[in-house]
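Single-letter residue listing:
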Amino acid sequence: MRVIIEPDYATMSKWAANYVANRIKEANPTPEKPFKLGCPTGSSPLGLYKELIKKCEVGELSFQNVITFNMDEYVNLPEDHPESYHSFMWNNFFSHIDIKPENVHILNGNAKDLVKECEDYEKAIEAAGGIDLFMGGVGPDGHLAFNEPGSSLSSKTRIKTLTSDTIHANSRFFDGNLNLVPKRALTVGIGTVMAAKEVLLVCNGHNKARALKHCIDGDISHKWTSSMLQMHPHAIVVCDEAACDELSLGTYKYYLDKERGNL
């Protein structure tokens, strides 16, 4: 695992965006061989998305030959609801870049058969040739996508019941009303993420410090599902200083020295 420690959220977001942009450009995608990008929602990747939008606006980067697969979506929340992940992605990213609508894949939380929807999503990823780079965030309890504590570390796309911690955390998007937060979601599994060629996780803020500690400095555990990234051959965690508050001094210095070329 590679860990990038940046001073603040802005520089963390720029580093992550530069990495993603470079990977897309290096792949030189075509209609016959598109680049497949996994996309998260939440507050952490907003800066990353804004930086990618800037690159697209100045002609530095194109998403014409990029196919996206989102991590998750709430169950029984209308797609046009302002807090649906369909709305989030189009409002904060897709509407501002040159991606083709037919290349966007987001789970349908209103499907009549949710199990089939999840199975078909896995088949669509497989049919596309797998995901080249899966971007992600991490929850305060260490969850990746909606793979809550206790989730199988080999799981695939499925229906998940959200924990009370996640419901409380997401209530800020629903005027603080816990009753308005959906209690279930469709989510890619840890196994789905691990099958990607590369994974890039963004993590910022002191409220994510405990999660980051378990993700990179703790044991691999289904209680902290993002810790499974320790087993990925090409995983990168990009974080800011505030998120490092609970790392051991040795771990913190090791990753700083490694990126500075001192190791």
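About the criteria used
- Residues numbered from 1 in each chain as written.
- Predicted model: local features only at pLDDT ≥ 70, side-chain atom pairs only at ≥ 80, totals over all residues.
- Heavy atoms only, no water.
- Disulfide = S-S within 2.5 Å.
- 1 Å grid on protein atoms, 1.4 Å probe; cavity = no way out; pocket = protein on both sides within 12 Å on 5 of 7 lines; lining within 4 Å.
- Points joined across faces, edges and corners; volume = space filled by probe spheres on them.
- Helix = DSSP H or I, 4+ residues; strand = E, 2+ residues; numbered from the N terminus.
- Nonpolar A, V, L, I, M, F, W, Y, C, P; charged D, E, K, R; others polar.
- Buried < 20%, exposed > 50% of the residue type's maximum accessible area, 1.4 Å probe, protein only.
- Contact = heavy atoms within 4.5 Å.
- Salt bridge = Lys/Arg side-chain N within 4 Å of Asp/Glu carboxyl O.
- Phe/Tyr/Trp six-rings, centres within 6.5 Å; stacked < 30°, edge-to-face > 60°.
- Pairing = 2+ DSSP bridges.

(A) Layout of the state of the cysteines. One pass over the structure, following the stated rule, counts zero disulfides. Distance from the sulfur of C118, which forms no disulfide, to the nearest cysteine sulfur (C39) is 18 Å. Not engaged in a disulfide, the cysteine C203 finds its nearest cysteine sulfur in C239; these two sulfurs lie 6.4 Å apart.

(B) Fine view of the layout of surface pockets. One number sums up the size of the largest pocket: a volume of about 570 Å³. Looking at the lining of the largest pocket, the elements with two or more residues in it are β4 (72–74), α3 (85–92) and α5 (164–170). The residue makeup of the lining of the largest pocket, split by class, is 16 nonpolar, 13 polar and four charged. Space inside the second largest pocket adds up to approximately 210 Å³. If you trace the second largest pocket, you find it lined by R23, A27, N28, P29, T30, K33, P34, F35, K36, D132, K197 and E198. The residue makeup of the lining of the second largest pocket, split by class, is four nonpolar, two polar and six charged.

(C) Inspection of α3 at higher detail. Those residues of α3 that sit buried are Y85, H86, S87, F88 and M89. Considering only its buried residues, α3 is in contact with β2 (35–39), α2 (46–57), β3 (66–70), β4 and α5.

(D) Main features of the pattern of salt bridges. With the rule as written, the count across this model stands at nine salt bridges. Close ionic contact of R23 with E26 constitutes a salt bridge, the shortest N to O distance being 2.4 Å. Highlighted residues: R23 and E26, both in helix α1 (residues 9–27), separated by three residues, approximately one helical turn. Judged by relative accessible area, which is 55%, E26 ranks as exposed. For K25, the salt bridge is made with E60, and the minimal N-O distance between the two is 3.4 Å. With K25 in helix α1 and E60 in the loop between α2 and β3, the pair connects residues that are 35 residues apart, well separated along the chain. On the basis of relative accessibility, which here comes to 38%, the residue E60 falls in the partly exposed class. Here the residues in one salt-bridge network are R23, E26 and E198, joined through shared partners.

(E) Representation of the packing of aromatic side chains in the model. Under the definition given, this model contains 11 aromatic pairs. Ring centres of F63 and F93 lie 5.6 Å apart, and the angle between their planes is 85°; on these two criteria the pair is classed as edge-to-face. Note that F63 is positioned in the loop between α2 and β3 and F93 in the loop between α3 and β5 (104–105), a separation of 30 residues in sequence. Through a chain of ring-to-ring contacts, the aromatic side chains of Y49, F63, W90, F93 and F94 assemble into a single cluster.

(F) Representation of the pairing of strand β1 (residues 2–6) in the model. In terms of residue burial, β1 counts as a mostly covered element, since four of its five residues are buried. As defined by bridge partners, β1 adjoins strand β10 (residues 235–240) across five bridges and the pair is classed as parallel. Bridging from a neighbouring strand, I4 pairs with V238 of β10.

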